[in-house]
Amino acid sequence: MLFDLEKPYIIHSEMKLAGECMVALIKYCNTYGITDGQFDEKSFLKLRSHKMYKHCCLMKHPGAMRHRMKELFSTLPVTAIPFFISCLEEDLRFNLNHHQETYHFPGFLNTVFQGILTVDETKKAIDQLPKIFEKFYSDFFDHKESHTLKTNRDRFKDEYIRLNSSKENICPACLGQMHMGKAQLDHYFPKSLFPALVIHPFNIVPICMECNSSVGKKQDRGKGNRVPAWPEDGEAINEPGCLNGVFLPYIRSGQQKFKSRIDGTAGNRVIKVEPLSTAASDEAERIRRHVDTFNLEKAWTNRIPFHFNVLMQRTLSEFARVYTDRVAIGGTVTKEEVGDFLWNKLVLNTEDTLYEVGYQFEFVSYVISMATTPECFHPFYKELLKRMEIRTRKAMPTVPHIYDSFSTTC
């Protein structure tokens, strides 16, 4: 993500417990040969290592859990279950291995069963397992305690807002405006490919609908179900050390590590993203992958007209009276004055906290490019003078025609 996030630690602890409970339940059924889902929840919870799951919301829906177990054991051959469990357990610890050069996800669904299942068995597993674990996700986030009207999804958002109050309306993926009521809980590593991470606390983060979208042309859509390390040049997406190449929610962000600049000609501007000179060398790869994953350069380029209009209105407001006075004596507003306003008033006076994230980051980056790039500044200045001239002309009182003062009555 592009800025630092405070994790919702209360709901996070419950999510961690639910993920572990999910795997413990699969292991329990496998150990005792319960392949039809008809386990006894009381016997499960009596085990010393399972007592912690007594308060897990998943165990408050034993009927649903029986269905999940039945579906799982009818999808995978019994001989593959122990291996699958070990993969799930390892994937649950991915956040502890984000610096490891050798770590990769053993439970990555596209490769986990290679050499273990037949072609038909693998096809069935890849088709059915995402559906089963999607239900675990719903079991957790749709759950509500009897004494409250709020689901766990609501609680997640409420705690996120409380802990990230200054950034709650900013999408951490694209820095665009985000209404938390419409924000979507995105699986950073998609649940369709990483079943163990379906309820993982470090894999779920609110982002805007545009960033989460899988609809439309590839060049316009958001992340959708793509892996954050999605290849643009053929590299594997689950190679050893893959976690080093991406930003990770609540763990590693791009805050104060990148900048944007404007390229192109007037009417055909594009945004380019690049690391700051002070950023570590490995940040360039993380930035590239994030930009590619969320199509950020396209999304930010689409916002240029908005930033242009805001900048134009603020500059017009600053110089409207000055321009009128200057025109009256045959002068005008100079390029130096406009450039000084852009830099000293809109860049240097910007609060640091606003410069780091959100709309202000995009806007200030846009202003910096406008103020320091002659190819951008000259057309802007020309358009500014044109608009001030039109505004001044419209504000001038109409001179009455000479005949208007004559009476037309006889």
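- The name an unreviewed UniProt entry gives the protein is HNH endonuclease, with Paenibacillus riograndensis as the organism.

## Some details on the overall build of the protein
In step 1: Within the protein one finds 14 helices and 4 strands.
In step 2: Put simply, the protein has 410 residues, and 46% of those count as buried.
In step 3: Long-range contacts, defined as pairs at least 24 residues apart, comprise 72% of the intrachain contacts of the protein with a sequence gap of at least 6.

## Side note on the packing of helix H3 (residues 62-75) against helix H5 (residues 119-141)
In step 1: Remark: H3 packs on H5, axes separated minimally by 10 Å, with the N-to-C direction vectors making an angle of 170°. Between H3 and H5, the angle is such that the two are roughly antiparallel. Along this stretch, H3 crosses H5, giving a crossing that reads as left-handed. Contacts between H3 and H5 involve Ala64, Met65, Arg68, Met69, Glu71, Leu72, Ser74 and Thr75 from the first element and Lys124, Ala125, Gln128, Leu129, Ile132, Phe133, Lys135, Phe136 and Asp139 from the second.
In step 2: Here the contact of H3 with H5 is composed, by residue class, of 9 nonpolar, 3 polar and 5 charged.

## Side note on the nonpolar core
In step 1: Phe105, Leu129, Phe133, Phe189, Trp300 and Leu342 are the most contacted members of the largest nonpolar core, which totals 119 residues.
In step 2: Per-element tally for this core: the top contributor is helix H1 (residues 9-31), with 12 residues.
In step 3: With residues near it in sequence (within four places) discarded, Phe105 still touches Asp91, Phe94, Phe189, Phe194, Leu197, Asn238, Cys242 and Leu243.

## A word on helix H8 (residues 283-294)
In step 1: Along its 12 residues, H8 runs 17 Å from first to last C-alpha, staying within 8% of the 16 Å computed at 1.5 Å per residue.
In step 2: Within H8, burial applies to Glu283, Arg286, Ile287, Arg289, His290, Val291, Thr293 and Phe294.
In step 3: In this fold, the buried residues of H8 make contact with strand E2 (204-207), helix H7 (209-212), strand E3 (258-265), strand E4 (268-275) and helix H9 (296-302).
In step 4: Backbone geometry just after H8 places Asn295 at a positive phi near 50°.

## With respect to the packing of aromatic side chains
In step 1: Enumeration according to the criterion identifies 22 aromatic pairs in this entry.
In step 2: Aromatic side chains Phe140 and Phe141 sit 4.9 Å apart centroid to centroid with 80° between the ring planes, which places their arrangement in the edge-to-face category.
In step 3: Ring plane angle 25° and centroid distance 6.2 Å describe the contact between Phe258 and Trp300, whose orientation is recorded as stacked. In this pair, Phe258 is assigned in strand E3 and Trp300 in helix H9, connecting sequence segments 42 residues apart.
In step 4: Residue Phe258 is classed as buried on the basis of its relative accessible area, which comes to 6%.
In step 5: Taken together, the aromatic side chains of Phe94, Tyr103, Phe105, Phe108, Tyr188, Phe189 and Phe194 make up a single cluster linked through ring pairs.
In step 6: Lying over the aromatic face of Phe39, Arg66 brings its terminal NZ or CZ to 5.4 Å of the ring centre.

## Observations concerning unusual backbone geometry
In step 1: For Tyr250, which is not glycine, the phi dihedral falls at a positive 70°.
In step 2: Examined against the element boundaries, Tyr250 turns out to sit in the loop between H7 and E3.
In step 3: On the basis of relative accessible area, Tyr250 is assigned to the buried category, the value being 14%.
In step 4: The backbone phi angle of Gln256 is positive, close to 60°, even though this residue is not glycine.
In step 5: Mapped onto the elements of the fold, Gln256 is located in the loop between H7 and E3.

## What about the pairing of E2?
In step 1: On E2, burial covers both faces: Ile204 and Pro206 on one face and Val205 and Ile207 on the other are all buried.
In step 2: Where strand E1 (residues 184-187) meets E2, 4 bridges bridge the pair, whose relative direction is antiparallel. Looking across to E2, one finds that Asp186 is bridged to Val205.

## Some remarks on the environment of Tyr103
In step 1: On the secondary structure map, Tyr103 appears in the loop between helix H4 (81-91) and H5.
In step 2: Distance from Tyr103 to Leu243, taken between C-alpha atoms, is 7.6 Å for residues 140 residues apart in sequence.
In step 3: In contact with Tyr103, not counting residues within four places along its chain, are Glu90, Asp91, Phe94, Asn97, Glu239, Pro240, Gly241, Cys242 and Leu243.

Reading the values: rules and limits
- Residues numbered from 1 in each chain as written.
- Predicted model: local features only at pLDDT ≥ 70, side-chain atom pairs only at ≥ 80, totals over all residues.
- Heavy atoms only, no water.
- Helix = DSSP H or I, 4+ residues; strand = E, 2+ residues; numbered from the N terminus.
- Buried < 20%, exposed > 50% of the residue type's maximum accessible area, 1.4 Å probe, protein only.
- Contact = heavy atoms within 4.5 Å.
- Axes fitted to C-alpha atoms, helices over the stretch in contact; angles between N-to-C directions.
- Parallel < 35°, antiparallel > 145°, perpendicular 65-115°, else oblique.
- Left-handed = near helix turned anticlockwise from the far one by under 90°.
- Nonpolar A, V, L, I, M, F, W, Y, C, P; charged D, E, K, R; others polar.
- Core = buried A, V, L, I, M, F, W, Y, C linked by side-chain atoms within 4.5 Å.
- Expected span 1.5 Å × (residues − 1).
- Phe/Tyr/Trp six-rings, centres within 6.5 Å; stacked < 30°, edge-to-face > 60°.
- Lys NZ or Arg CZ within 6 Å of the ring centre and 35° of its normal.
- Pairing = 2+ DSSP bridges.

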